[in-house]
Protein chains: 2
Amino acid sequence: MGSRKTTPLKDFSLGTHRCSVDLRLEKLGMVPFFDDLDHDELRVINQKFSATHHHADETIYHQDERARMLRVVVHGAVKLVRHTMEGKDVLLDMLEPGEYFGNLSTTGNAVYSETTRAQTDVCILSTRMNDFRSLLNDYPNVAMRVLDITAERLQSSQEKIRHLTTLPVKERIAHILVMLSEKFGEQSAYGLLLQLPLSRKDLADMAGTSTETASRIMSDLQDRNIINTGRQWVAICDIDRLADIADG
Amino acid sequence: MGSRKTTPLKDFSLGTHRCSVDLRLEKLGMVPFFDDLDHDELRVINQKFSATHHHADETIYHQDERARMLRVVVHGAVKLVRHTMEGKDVLLDMLEPGEYFGNLSTTGNAVYSETTRAQTDVCILSTRMNDFRSLLNDYPNVAMRVLDITAERLQSSQEKIRHLTTLPVKERIAHILVMLSEKFGEQSAYGLLLQLPLSRKDLADMAGTSTETASRIMSDLQDRNIINTGRQWVAICDIDRLADIADG
DNA sequence: CGGTCTGTTGAAGGATTTCAACACTCGTGG
DNA sequence: CCACGAGTGTTGAAATCCTTCAACAGACCG
C-alpha cells in the first residue's frame, strides 16, 4: 500500500472506438426513465439518439447557449459547472454512465443553465428536445419517471444547499468524497479508489471553497490515514471515519 | 415617511372565513400547471381538493413524515424549512398564493424532505397524491407543465447554490430581498413593502448566516436609506441600489 | 530535461461567528 | 390602562474559520 504518487486510474480513452448498438442499448436501458421499457422499445428509442465522442476537458455545451438537446452519458464522466461573473466556478455534479443531462424542460426557447465538460474521454448519446418531447407523449410512463427523477434531483439539490449553509468546509469535503465513492468508487490496492480524475480545484468548486483550503483538508485526511491521494486521484481507506467526519 | 417601528403589514387573519368556490377556482387557476385548463375543467379538479386553515406559525407538515398530499396556497404565505441535526434551519423558500408544495413524486412511500410552516394565517387546498397522479394521467398537458415547473425549480435551486458558494453575505441578503420583493412587494408609504412577516432569523436562515450578521447588514442598508425596516417587516426604498449590491 | 500544470505549506489579513449585554415591541393579564 | 415578560432586534469585542498572497515542490508532457 505504498504511497504512490503516479495515477492509479484506469485509462478512459476511446481511441477510434465506435459505440456498438448493444452498448448503446445497455446504457439507454440504464437511464432511470427508460428502465421500464423492453428491448424492442429501447431499439426504437435508440434510433432517435446519435452518438458523439469528446476528449477530456472538452466542453460539450456552454451555459446560456440555446438548449436543444437531451443527452445521456454512455462512457466516461461528465461534470456540470455553473460560472459566475467573477470567474469562480461552482461544480454542481459529476455524472456517470446512465445519467442524463441537458434540457428536460419542454418550453421552446430555454437556454442551458450550466456548462458541461468531459472529465475523461467520453461517449455521449444526444437527442433533439422535440423528439424527446414526442417520445414523452408516446410513453406516458416514461414521462412520469422523468418527473420523479427531476423531483429527486431537486431534493438532492436542496440537500446540497443545507450542507453548504450549515456545515464547515471539512465536513462538506468529507461528505462529497462519500457521495463520489458511491458513484465512482472501485476497490483497489489503495483503498476505495474514485475512478475519475479529480483535482483539488474540482473538490474546491464542489465544496464552495478555495483550492488551498481543499488541499489542506486533503493533506490532513491523508495524515490521519483516512484517504490516500495523489495528483488527480483519491482513494478512501477508511470510509467509516470519513462518514463520521461528514456528519459532525 | 417617518421611521415607524410598529408593523405596517396588512392583517392576514381569516377569522371564521370559509373559502368561496370562486376563490378556490381562482387560486387553482393561478397554479402554473393548471393555467391551460378552462373553467369547467377547473371545477372538476376543484372537487379533488379540500381546504384547511392554519394559524401563523402552525406547522403544516413535518420533514420526514410520510408524504401523501399535494397542496396549494390559497391565502397567506407558507415557508419551506429544512432542519439539521444541530438545530440550524435552512429556509428554502417562501410561497405565495397560487404556488404548490408537498409531494410531486409519484413513487409510493416518499417522505417530505422539508417542514412547511404557516408564515401568516393561511388557507391551503390539499389533494391526495393518488388523486393527483390519476389527474396527471387524465390531463397529459398538465403533466408536461408539472415537469417544466419542477425543472424550473431545480434551476433556481442550483442558482441558489451558486449564490451561497460564491457571494459574500451582504450580496446574498440583497439578492434575497430583491427576490422577495418580486413575490411579496406592494407599494406603500414606506417604499416597496414586503407583505409578509419577516424576522432577522428568517433572513439569516435564507442567506445561511447568523441573525446577528443579518441584523448588522439590515442596519447598514437602513443607514444608507436603501431599505426601511422594523420588527418583522421590511420595505425597500431604493430597489436599484439594492440590485446593484446584489450583483457586486 | 525544461516547462507547465497541479498540489503543498506558511503567514497575514479579512469576513463571519460567537458570546454577551442591552434596547425595543407587542401581547397579556392585573 | 399600564406594567411586565417574552420574543425580537441591535451592537461591541473576541475568537475562529477561511481566503488570499506568495513561494516552493512534485508530477506529467513533450
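Residues numbered from 1 in each chain as written. Chains lettered and ligands numbered in written order. Predicted model: local features only at pLDDT ≥ 70, side-chain atom pairs only at ≥ 80, totals over all residues. Heavy atoms only, no water.

(A) Fine view of the relation of the copies chain A and chain B. In screw terms, the move from chain A to chain B is a rotation of 180° and a rise of 0.1 Å along the axis, fitting with an RMSD of 0.1 Å. The symmetry that links the two subunits is that of a two-fold axis. A share of 100% of interface residues in chain A that are also interface residues in chain B marks the association as one of identical surfaces. (Least-squares fit on C-alpha atoms with pLDDT ≥ 70 in both. Contact = heavy atoms within 4.5 Å.)

(B) Region of interest: the packing of helix α4 (residues 140–166) of chain A against helix α4 (residues 140–166) of chain B. For the pair α4(A) and α4(B), interaxial distance at closest approach is 9 Å and the crossing angle is 20°. By the angle class used here, α4(A) and α4(B) are roughly parallel. As α4(A) packs across α4(B), the resulting crossing turns out to be left-handed. From α4(A), A:V146, A:L147, A:T150, A:A151, A:R153, A:L154, A:S157, A:Q158, A:K160, A:I161, A:L164 and A:T165 reach across to α4(B), where they touch B:V146, B:L147, B:T150, B:A151, B:R153, B:L154, B:S157, B:Q158, B:K160, B:I161, B:L164 and B:T165. Here the contact of α4(A) with α4(B) is built from residues that sort into 12 nonpolar, eight polar and four charged. (Axes fitted to C-alpha atoms, helices over the stretch in contact; angles between N-to-C directions. Helix = DSSP H or I, 4+ residues; strand = E, 2+ residues; numbered from the N terminus. Parallel < 35°, antiparallel > 145°, perpendicular 65-115°, else oblique. Left-handed = near helix turned anticlockwise from the far one by under 90°. Nonpolar A, V, L, I, M, F, W, Y, C, P; charged D, E, K, R; others polar.)

(C) How the structure looks around the interface of chain A and chain B. Chain A puts 37 residues into the contact, and the matching count from chain B is 37 residues. In total, about 3500 Å² of surface goes out of reach between chain A and chain B, with carbon and sulfur atoms giving 68% of it. On the surface where chain A and chain B come into contact, there are two salt bridges. Residue B:R82 pairs with A:E159 through a salt bridge whose shortest N-O separation is 2.2 Å. Viewed at the interface, chain B and chain A are joined by seven residue pairs in polar contact (both at pLDDT 80 or more). Counting residues per element, the ones that place at least two in the side of chain A that touches chain B are β4 (78–83), β5 (89–95), α3 (129–138) and α4 of chain A. In terms of residue class, the side of chain A that touches chain B is made up of 13 nonpolar, 14 polar and 10 charged. (Buried area = accessible area lost by both parts, 1.4 Å probe. Salt bridge = Lys/Arg side-chain N within 4 Å of Asp/Glu carboxyl O. Polar contact = N/O pair within 3.5 Å; in protein donor to acceptor, adjacent residues only side chain to side chain.)

(D) Representation of α4(A) within the structure. For α4(A), which comprises 27 residues, the first-to-last C-alpha distance of 39 Å matches the rise-based estimate of 39 Å (1.5 Å per residue) to within 8%. Burial of α4(A) is extensive: 19 of the 27 residues sit out of reach of the surface. (Expected span 1.5 Å × (residues − 1). Buried < 20%, exposed > 50% of the residue type's maximum accessible area, 1.4 Å probe, protein only.)

(E) Region of the structure containing the pattern of salt bridges. Tallied over the entire structure, the rule returns 23 salt bridges over all chains. Put simply, A:R224 and A:D220 hold a salt bridge, and the shortest N to O gap is 2.9 Å. On the accessibility criterion, A:R224 (34% relative accessible area) is partly exposed. B:D238 is the salt-bridge partner of B:R241, the closest N and O atoms lying 3.2 Å from each other. Judged by relative accessible area, which is 37%, B:R241 ranks as partly exposed.

(F) Fine view of the pairing of strand β9 (residues 185–188) of chain B. Residue and element names in this part refer to chain B. Examined bridge by bridge, β9 and strand β10 (residues 191–194) share four bridges and lie antiparallel to one another. Each bridged residue has a counterpart across the sheet, and for S188 the counterpart in β10 is G191. With antiparallel pairing between neighbouring strands as the criterion, β9 and β10 make up a hairpin whose turn holds two residues. (Pairing = 2+ DSSP bridges.)

(G) Highlighting the environment of A:K27. All names here are of chain A. Among the structural elements, K27 can be located in helix α1 (residues 21–30). Residues K27 and P97, spaced 70 residues apart in sequence, show a C-alpha to C-alpha distance of 6.9 Å. Excluding residues within four positions of it along the chain, K27 makes contact with V74, P97 and G98.

(H) Broad picture of the nonpolar core. A:V78, A:F101, B:V78 and B:F101 are the most contacted members of the largest nonpolar core, which has 34 residues in total. Aside from chain neighbours lying at most four places away, what touches A:F101 is A:I60, A:Y61, A:L70, A:R71, A:V72, A:V73, A:V78, A:L80, A:L95, A:T116 and A:I124. Formed by 30 residues, the second largest nonpolar core is a distinct cluster that contains B:L198, B:L203, B:V234 and B:I245. (Core = buried A, V, L, I, M, F, W, Y, C linked by side-chain atoms within 4.5 Å.)

(I) Molecular detail of the pairing of strand β7 (residues 115–118) of chain B. Looking at chain direction, strand β2 (residues 59–61) of chain B and β7(B) are connected through two bridges and run antiparallel. By the bridge assignment for β7(B), B:T59 is matched with B:R117.

(J) How the structure looks around the sheet that holds strand β8 (residues 122–128) of chain B. Residue and element names in this part refer to chain B. Reading across the sheet, the four strands line up as β1-β8-β3-β6 and stay open at both edges, with antiparallel pairing between neighbours. This sheet does not close on itself; its edge strands, each paired only once, are β1 (50–54) and β6 (100–102). Adjacent strand axes in the sheet meet at a mean angle of 35° when their direction is disregarded. For strand β3 (residues 69–75) and β6, the ladder comprises three bridges, and the chain directions are antiparallel. Residue pairing for β6: V72 is matched across the bridge by Y100.

(K) Structural context of the domain arrangement of chain A. Residues and elements named next belong to chain A. One can read the domain layout of chain A as domain 1 (21–164) and domain 2 (168–246). Taking only C-alpha atoms into account, the centre of domain 1 sits 26 Å from that of domain 2. Residue-level contacts link 14 residues of domain 1 with 13 residues of domain 2. The contact between domain 1 and domain 2 buries some 1200 Å² in all, and 58% of this surface belongs to carbon and sulfur atoms. Among the residues of domain 1 in contact with domain 2, L91, M94 and H163 are the three that bury the most area, contributing 41% of the side total. (Domains from an automatic or database assignment.)

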